[in-house]
Amino acid sequence: MAATDGETQYVDHPLLAPNFLERRLYQLQLAGTATDHHTLVCLPTGLGKTTVSLLVTANRLQDVGGKALFLAPTKPLVQQHADFYREALEIPAEDIVVFTGEVSPDDRAELWESAQIVIATPQVVENDLVGGRVSLRDVTHLTFDECHRATGDYAYNYIAERYHADAADPLVTGMSASPGGDEEEILEVCENLGIDEVEVMTEADADVDEYTHDTDVEWERVELPETITDIRDALNDVIEDRLEKLNELGVTNKRSADLSENDLQSMRAELQKLMNNDQSEGYQGMSVHAEIRKLRTAVTYVETQSVEALERYFERLRNAARSSGASKADQRLVSDPRVRTAMQDCASYDDLHPKFSRARVLLAQTLGIEDGERVIVFTESRDTAEILTEFLSESFDARRFVGQGDREGSDGMTQNEQQETLDDFRSGEFEVLVSTSVAEEGLDVPEVDLVLFYEPVPTAIRSIQRKGRTGRQAEGRVVVLLAEDTRDEAYFWISRRREQQMEDELRELKGLTDEIEEELDDSQQQLGDFDSGSGSGSSSSGESAADGGESDVQPGLADFTGADDESDPDDAAASDGDDASTAASGDQEDDADDGDADATAASSSDDDATVATAEPDDDGTIEIVADQRELDANIARELSKREDVQTRLETLEVGDYVLSDRVAVERKAVDDFLDTLTGGDRSLFEQVGDMSRHYSRPVVVLEGEGLYEKRDVHPNAIRGALSSLVVDFGVSVLRTEDEDDTRELLAVIAGREQENEDREVSIHGEKQSKTLSEQQEYVVASIADVGPVTARSLLSEFGTVEAVMTARKEDLLEAEGVGEVTADRIRDVIGSEYVPDGR
């Protein structure tokens, strides 16, 4: 029968640690469905979504075998899940492995073969799939944590498609407390992950209700003092002044500083049209548009954050304006008299922002008068998180919790520092955690007495995630601070409306499996073609409890109970619900958590480059080696889905793709190619030179339309550059329409080389140093955008670089290909006095 300890019942299963998981009927019911179907599990934060997935994994490993893959969006969350799985499962700890960018690709390939459970960030697994380092064939359970991310080009979508195509017996579980804002978004997630069953439980369900408590949501209005509103009004005046300039360009009719993001996107789209038509007004307007964005950020800081945070922002603007290569927008902003006055007023303000004062009062009530133990304060701004932590530390034991990315004036937290901070918070080492969005989505943060929103957030998903940190085991309290007559109020009402909409959608989705299946497109309906059995979990047990008693849980769960379930499930004690749902959607600096060591390698020195040789498989597949940096495009991903192509990822020193021992390809979008002609960047010709030295059949693929229309570049200049590639470097230049066309072209060339010509793929050695003549050509070519052809002409005429540099204009004109304009430009660059920019 089910294991018991006094009045507490535990889940009993051969692969589960004894007396570890407290038995909750709703978790067993959800796991029963998820064992038999590709299932989206929607469960309020803190009620054990991860436990549901764990139960399914245990059942699949016991009954089907193979291995399990668990994906989570950030490194801290991956580590948290790994710790939980190692504690909960009777599986050797070394068989439960973690894949993040900190684990080298070679080590991952080796660990994959021996592991029973892999817990990873999706970007790493995506890279390993594209690079051919791992196979999903033997994965019998794949979990997507925080699966609401499965939209757009997020890595979850590619991995799901590969899994349904490659796995012998696939089973998908998606988990989220907030899968989408409406039915369309939820259906998109289901379609992208290959899910055909949706299981929704809300706090209103009887089985869940006993494990939740009321959470009061209050909003506290604060009034901004006159000094702060004066600073805001001054900045808004500058915004309206800049809007007048955009009005004159005809890209907007907005004149009020109260702009929405849609307004700004619309203006940008109109400006882009002007730029595409080579109208200089478009470039000028885009610079003004950048000023408006920066000013709106400053207004947001002073309205909703703090004057201190605005001071930090102003300081970053000043530093940017003083730096080499400073933008015109930064320089104009910091020199505007009204902005300078706002900076001075900001520096002289010596009072507290009213939100600071109110936050301190609320914490004193919770931790002092009401004898609370823990509080989380959420804020959108890292500046505010750091300033507020310092302020609250004068009265409470407070620590910050921010992302890993560093920036000017702000050190991020390493993964170890994040983990240590959370461990200390859980154990009661300190009482106030001040966090950016990195703690929103589901790190296993302990029950807290108060969640304080320093500002409202305008998305339902993030609001639900934040509030899920309280009300798990006792009544909790949520307070939202609102600065009156600011965008705080708009964000608050947007969030409330969207949150209610999401709750309504979840209620409507309960039990609507048939309707969801009808909504999914034809490709989704055909997912069953990839399955080897009659159903995803067809091999799972559907029998009753082991001793013959009738089970009160769904088919497929007998392995979890081990007994008849005559005892009342209401007697089971509430557990922590091991939920794990993490951080990352809002705080952009935390996106670095998802990185891969492969990407790091791509920016390393030449000596670190990977060199490898591989042969075509005997089964007739062709091999294409792609550079890591090409993952920004979809070409390598799409090629990796083809049965006749094996892709590999390497850090290539030469070319973007290697198709044989003699063919390497440099891919260039039309815009990038034209940039090399207008921006003085000669890197393309250097890259092509390196490629032609190492491969006898170098190829440049020029991708996209509008070669002669997109820039104000004379057609003969474009033809000259193309001629130089062909004649001077011996490169074949091929045109393609788009990424799809490029992908098919690469496959055809690789097939010809490897199948028709019986050639092997070989990645040649490191980039060679330039010869003396090449170095001389490089120096001369860099003068006033002379270019390699004219550089060789000048060196042939004068013999040395020194002679070119000292030549008079009339002598320069003697060189072939040098006209009046070029000669004047050369003499101007060489003979003019050096004046540093901005001085």
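This section reports on the structure supplied with the text. Note that the structure is predicted; figures quoted are calculated from it, not measured.

### Let's talk about helix α17 (residues 415-426)
For an α-helix the count is 3.6 residues per turn, leaving residues at separations of three or four pointing the same way.
Stage number 1. With 12 residues, α17 should reach 16 Å at 1.5 Å per residue; the first-to-last C-alpha distance of 17 Å fits that figure.
Stage number 2. All of the buried residues along α17 are Q415, Q418, Q419, T421, L422, D424 and F425.
Stage number 3. Looking at the buried residues of α17, the elements they touch are α3 (75-88), β11 (375-378), β12 (398-401) and β13 (432-435).

### Some details on the environment of A109
Stage number 1. By the element assignment, A109 lies in helix α4 (residues 105-114).
Stage number 2. In sequence terms A109 and D128 are 19 residues apart; their C-alpha atoms lie 8.0 Å from each other.

### Notes on the sheet that holds strand β7 (residues 139-145)
Stage number 1. Taken in spatial order, the seven strands line up as β5-β6-β4-β7-β8-β3-β9 in an open sheet, and their pairing is parallel. Looking at which strands have only one partner, the edges of the open sheet turn out to be β5 (96-99) and β9 (197-200). Put simply, the sheet's adjacent strands are angled 15° from each other on average, direction ignored.
Stage number 2. Of the strand pairs in this sheet, strand β3 (residues 39-42) and strand β8 (residues 172-176) are connected by four bridges, and their pairing is parallel. Bridge pairing links T39 to T173 in β8.
Stage number 3. In the packing of helix α2 (residues 49-63) onto the sheet, the strands contacted are β3, β4 (67-71), β6 (117-120), β7 and β8, and the crossing angle to β7 comes to about 175°.
Stage number 4. Of the strands in this sheet, β4, β5, β6 and β7 are in contact with α3, which crosses β5 at around 180°.

### Quick word on the sheet that holds strand β21 (residues 697-703)
Stage number 1. Pairing within the open sheet is mixed, and its six strands lie in the order β18-β17-β19-β20-β21-β22. Of all strands in the sheet, those bounded by a partner on one side alone are β18 (645-650) and β22 (732-736).
Stage number 2. Relative to β21, strand β20 (residues 663-669) is paired through seven bridges, and the arrangement is parallel. Paired with A664 across the bridge in β21 is P698.
Stage number 3. This element, helix α28 (residues 739-756), spans β17 (622-627), β19 (657-658), β20, β21 and β22 of the sheet and lies at about 130° to β17.

### A word on the environment of D449
Stage number 1. With respect to the helices and strands, D449 occurs in the loop between β13 and β14 (450-453).
Stage number 2. When the C-alpha positions of D449 and L363 are compared, they lie 10.0 Å apart, and in sequence the two are 86 residues distant.
Stage number 3. In terms of polar contacts, D449 uses its side chain to reach the backbone amide nitrogen of E373, at 2.6 Å.

### Side note on the packing of aromatic side chains
Stage number 1. Inspection of the entire model under this criterion finds 12 aromatic pairs.
Stage number 2. Ring geometry for F70 against Y85: centres 5.6 Å apart, planes inclined by 75°, an arrangement best described as edge-to-face. You can see F70 sitting in strand β4 and its partner Y85 sitting in helix α3, a full 15 residues away along the chain.
Stage number 3. Consider the rings of F356 and Y454, whose centres lie 6.0 Å apart with planes at 85°: the pair is edge-to-face. In this pair, F356 is assigned in helix α15 (residues 354-369) and Y454 in the loop between β14 and α18 (460-467), connecting sequence segments 98 residues apart. As far as the burial class goes, F356 and Y454 line up, both buried.
Stage number 4. Among the aromatic residues, ring-to-ring pairing joins F20, F70, F84 and Y85 into one connected group.
Stage number 5. Residue placement shows K355 over the ring face of Y454; its charged tip is 5.0 Å from the ring centre.

Cut-offs used in this document
Residues numbered from 1 in each chain as written. Predicted model: local features only at pLDDT ≥ 70, side-chain atom pairs only at ≥ 80, totals over all residues. Heavy atoms only, no water. Helix = DSSP H or I, 4+ residues; strand = E, 2+ residues; numbered from the N terminus. Expected span 1.5 Å × (residues − 1). Buried < 20%, exposed > 50% of the residue type's maximum accessible area, 1.4 Å probe, protein only. Contact = heavy atoms within 4.5 Å. Pairing = 2+ DSSP bridges. Axes fitted to C-alpha atoms, helices over the stretch in contact; angles between N-to-C directions. Polar contact = N/O pair within 3.5 Å; in protein donor to acceptor, adjacent residues only side chain to side chain. Phe/Tyr/Trp six-rings, centres within 6.5 Å; stacked < 30°, edge-to-face > 60°. Lys NZ or Arg CZ within 6 Å of the ring centre and 35° of its normal.

Purely geometric stuff here, so don't read any function into it on its own.
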